[in-house]
Amino acid sequence: MKYTVALVGNPNSGKTTLFNSLTGSNLYVGNWPGVTVEKKEGDVKNTTENITLVDLPGIYSLAPYSMDEIVSRNYLLDDSPDLIVNIIDASNIERNLYLSTQLMELDCPIIGVLNMMDVVEKKGISLDTESLEKSFGFPFIKISAQRETGIDELIQMITKNVKKKEKRQMPRIFPLEITTVLQEFDALIQKQHPDVLSNYPMAFRSVKLIEKDEEVLGKISKSTDLLEDINRTRKKIETISGHDVDSAIADYRYRFITKSVKNATKIVRENTDHFQ
Ligand code: BGO
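If you're wondering where the values come from, they're calculated on a predicted model, not measured in any experiment.

### Overview of the site of the ligand
And then number 1: Residues in contact with the ligand amount to 16 residues; listed here are only the nearest, Gly-14, Lys-15, Thr-16, Thr-17 and Gln-146.
And then number 2: For the shell around the ligand, the secondary structure elements donating two or more residues are α1 (15–23) and α4 (117–122).
And then number 3: When residues of the shell around the ligand are assigned to their parent elements, the largest contribution, 3 residues, is made by α1.
And then number 4: Split into classes, the residues belonging to the shell around the ligand amount to 4 nonpolar, 10 polar and 2 charged.

What follows is the structure, encoded as structure tokens:
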């Protein structure tokens, strides 16, 4: 059996360093179809399974604002990798986890890789991976890609998780009232517009339609009915949140992240020296 793992993260999170550590020298470099964005693939080393690691362009979100974001999300939606390895610069954890809250909506297993733990430890900060797993619903591991610390454990974790097909429990990112509006919208789409993006993961489809994501709307025939349903739902969200839809959704994601990180963070006096 051949497995595919997508490496996804913000620019400067250490993606290239980690890609090289995980694959060694067996590398295939090409371009993503139709665009001049580089595509790198390599086989994961020191594993009993046949696993190809695909390096996606560094991105901050799955919004359709740049070619890198479009390439990444089209790959994640259309090619359905077996696992996402989401590299997170743990010294800048809240900003990096913003992308994670969007990856969670894709119905694909995820491992959260907290990189730059040497920098975090130096500041006397300890991060609790179990607490993060409880909040986000997928496992986390701490590494330092530059110092090659935690790489063997990560390969073991990839080997174990790449075979898992069970559905992950989706944590509630949005307040109950907003979640209810999203669920009602989703039921409406399934009933009234069953052909609209029916192959997309439910959570991703609802949020992107409500955000009026240009890429997503460009892929469907927009009936007046559908646009009215979208506009009605947008109004409800604006009324509940008191903000425009885009700001409200981004704000709820950040609130969820801030709370999760607060629960997982401890200030420790001594340097534990695990990642130095
Ligand atoms: C330079 N710890 C620390 N401290 N640094 C790390 C770690 C880690 O665990 N992992 C990566 N880095 P990329 P993207 C650099 O290049 O892999 C560093 O964009 C420098 N270069 O070494 O390129 C890594 O692919 C001069 O740093 O990330 C690199 O995601 C001075 O993070 C940077 C200081 O890593 C980005 C750093 C000439």
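### A closer look at unusual backbone geometry
Trans is the prevailing form of peptide bonds, just as negative phi is the prevailing case for residues other than glycine.
And then number 1: At Asn-46, a residue that is not glycine, the phi angle is positive and equals roughly 55°.
And then number 2: Residue placement: Asn-46 occurs in the loop between β3 (38–43) and β4 (50–55).
And then number 3: Among the residues examined, Asn-46 registers 11 C-beta atoms within 10 Å and is labelled exposed.

### With respect to the environment of Ser-260
And then number 1: One can find Ser-260 in helix α11 (residues 245–264).
And then number 2: C-alpha separation for the pair Ser-260 and Ala-145, spaced 115 residues apart in sequence, amounts to 24 Å.
And then number 3: Residue contacts for Ser-260: discarding those within four places in its chain leaves Leu-132, Ser-135 and Phe-136.

### Section: the domain arrangement of the protein chain
Interface size, as often reported, equals the accessible area lost upon joining of the parts.
And then number 1: Taken domain by domain, the protein chain comprises domain 1 (2–168) and domain 2 (176–242).
And then number 2: Each of domain 1 and domain 2 has a C-alpha centre, and the two are 28 Å apart.
And then number 3: Domain 1 puts 6 residues into the contact, and the matching count from domain 2 is 8 residues.
And then number 4: Grouping the constituent residues of the side of domain 1 that touches domain 2 by class yields 4 nonpolar, no polar and 2 charged.

### Overview of the packing of helix α7 (residues 176–192) against helix α8 (residues 202–210)
And then number 1: Across the interface, α7 lies against α8 with an axial gap of 10 Å and an inter-helix angle of 100°. One way to sum up the angle between α7 and α8 is to call them roughly perpendicular. Here α7 contributes Leu-182, Phe-185 and Asp-186 to the contact with α8, which in turn contributes Met-202, Ser-206 and Ile-210.

### Regarding the nonpolar core
One recurring pattern in soluble globular proteins: nonpolar side chains tend to sit buried together.
And then number 1: With 64 residues, the main nonpolar core has Val-5, Ala-6, Leu-7, Val-85, Val-113 and Ile-158 as its most contacted residues.
And then number 2: Two domains each provide a minimum of three residues to this core, namely domain 1 (2–168) and domain 2 (176–242).
And then number 3: Apart from residues lying up to four places away in sequence, Val-85 is in contact with Val-5, Leu-7, Ile-111, Val-113 and Ile-158.

### A word on the sheet that holds strand β8 (residues 140–142)
And then number 1: Taken in spatial order, the 7 strands of this open sheet run β2-β3-β4-β1-β5-β6-β8, and their pairing is mixed. Of all the strands in the sheet, the pair left with one neighbour each is β2 (27–31) and β8. With strand direction ignored, the average angle separating the axes of adjacent strands in the sheet is 25°.
And then number 2: In the packing of α1 onto the sheet, contacts are made with β1 (2–9), β2, β3, β4, β5 (83–89) and β6 (110–115), and the angle to β4 comes to roughly 160°.

Cut-offs used in this document
Residues numbered from 1 in each chain as written. Predicted model: local features only at pLDDT ≥ 70, side-chain atom pairs only at ≥ 80, totals over all residues. Near = placed C-beta within 6 Å. Helix = DSSP H or I, 4+ residues; strand = E, 2+ residues; numbered from the N terminus. Nonpolar A, V, L, I, M, F, W, Y, C, P; charged D, E, K, R; others polar. Buried ≥ 20, exposed ≤ 12 C-beta atoms within 10 Å, placed from the backbone. Contact = placed C-beta atoms within 7 Å. Domains from an automatic or database assignment. Axes fitted to C-alpha atoms, helices over the stretch in contact; angles between N-to-C directions. Parallel < 35°, antiparallel > 145°, perpendicular 65-115°, else oblique. Core = buried A, V, L, I, M, F, W, Y, C linked by C-beta atoms within 7 Å. Pairing = 2+ DSSP bridges.

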